[in-house]
Amino acid sequence: MNPMLALRQYQKVGAHAQTSEASPHRLVQMLMEGGLERIAQAKGAIERKDIPAKCTAISKAVGIIGGLCEGLDLENSADSVGELNQLYIYMMKRLAEANVKSDPKILDEVAGLLTTVKEGWDAIAPVPAPQF
């Protein structure tokens, strides 16, 4: 068996186990971590001049941020959620621009914004379910 294929399969099983047992709060954290990882991968691909890898990583980062955006309850929430929605839209636009221009500085900007949002999210402790 190909060792790299085996490693990827192992990673898929591990990721599936993590997501199936994670709380909604943890799932959002995992999405943000994944977005930051993809942005870092895109930056590395730009440095290596690996255009296909850059495009793939940025596309995945856009998809992750889009997923975070879609998870917002815009109808039943405070104004701050609408502002977060606009920030996510801005991040996706900037990632598209970084893809076109192969600009690592734009990736750094988006990573900084996403890190700030993640730090705020990490500071919110999930409320435990009542025990009866």
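Given the structure is predicted, the values throughout are model-derived calculations rather than measurements.

Caption draft 1: Up close: the nonpolar core. The biggest cluster of nonpolar side chains holds 22 residues, and the ones touching the most others in it are Ile39, Ile65, Tyr88, Met91, Leu95, Leu107 and Leu114. Elements with a contribution of two residues or more to this core: α2 (24-48), α3 (51-70), α4 (79-101) and α5 (104-123). Sequence-distant contacts of Met91, defined by excluding residues within four places in its chain, comprise Ile65, Val110, Leu113, Leu114 and Val117.

Caption draft 2: Just the pattern of salt bridges, in detail. Considering all chains together, one arrives at nine salt bridges under this definition. The partner of Glu33 in a salt bridge is Arg26, and the shortest N-O contact between them spans 3.1 Å. Lys43 is paired through a salt bridge with Asp108; the nearest N and O atoms lie 2.7 Å apart. Highlighted residues: Lys43 in helix α2 and Asp108 in helix α5, separated in sequence by 65 residues. With relative accessibility at 26%, the residue Lys43 sits in the partly exposed group. Residues joined in a network through salt bridges with shared partners are Arg26, Glu33, Lys118 and Asp122.

Caption draft 3: Quick look at the packing of α4 against α5. Contact geometry of α4 with α5 gives a least axis separation of 9 Å together with a crossing angle of 155°. When the axes of α4 and α5 are compared, the pair comes out roughly antiparallel. The hand of the α4/α5 crossing is left-handed. Contacts from Leu84, Leu87, Tyr88, Tyr90, Met91, Arg94, Leu95, Glu97, Ala98 and Lys101 of α4 reach α5 at Ile106, Leu107, Glu109, Val110, Leu113, Leu114 and Val117. Residues of the contact of α4 with α5, tallied by class, amount to 13 nonpolar, no polar and four charged.

Caption draft 4: Inspection of α2 at higher detail. Given a rise of 1.5 Å per residue, 25 residues ought to cover 36 Å, and the 36 Å separating the end C-alpha atoms of α2 matches this to within 8%. Every buried residue belonging to α2 is among His25, Gln29, Met30, Met32, Gly34, Gly35, Ile39, Ala42, Gly44, Ala45 and Ile46, and all of these are buried. Among the residues trailing α2, Lys49 stands out with phi positive, at a value near 60°.

Rules used in this analysis
- Residues numbered from 1 in each chain as written.
- Predicted model: local features only at pLDDT ≥ 70, side-chain atom pairs only at ≥ 80, totals over all residues.
- Heavy atoms only, no water.
- Core = buried A, V, L, I, M, F, W, Y, C linked by side-chain atoms within 4.5 Å.
- Buried < 20%, exposed > 50% of the residue type's maximum accessible area, 1.4 Å probe, protein only.
- Helix = DSSP H or I, 4+ residues; strand = E, 2+ residues; numbered from the N terminus.
- Contact = heavy atoms within 4.5 Å.
- Salt bridge = Lys/Arg side-chain N within 4 Å of Asp/Glu carboxyl O.
- Axes fitted to C-alpha atoms, helices over the stretch in contact; angles between N-to-C directions.
- Parallel < 35°, antiparallel > 145°, perpendicular 65-115°, else oblique.
- Left-handed = near helix turned anticlockwise from the far one by under 90°.
- Nonpolar A, V, L, I, M, F, W, Y, C, P; charged D, E, K, R; others polar.
- Expected span 1.5 Å × (residues − 1).

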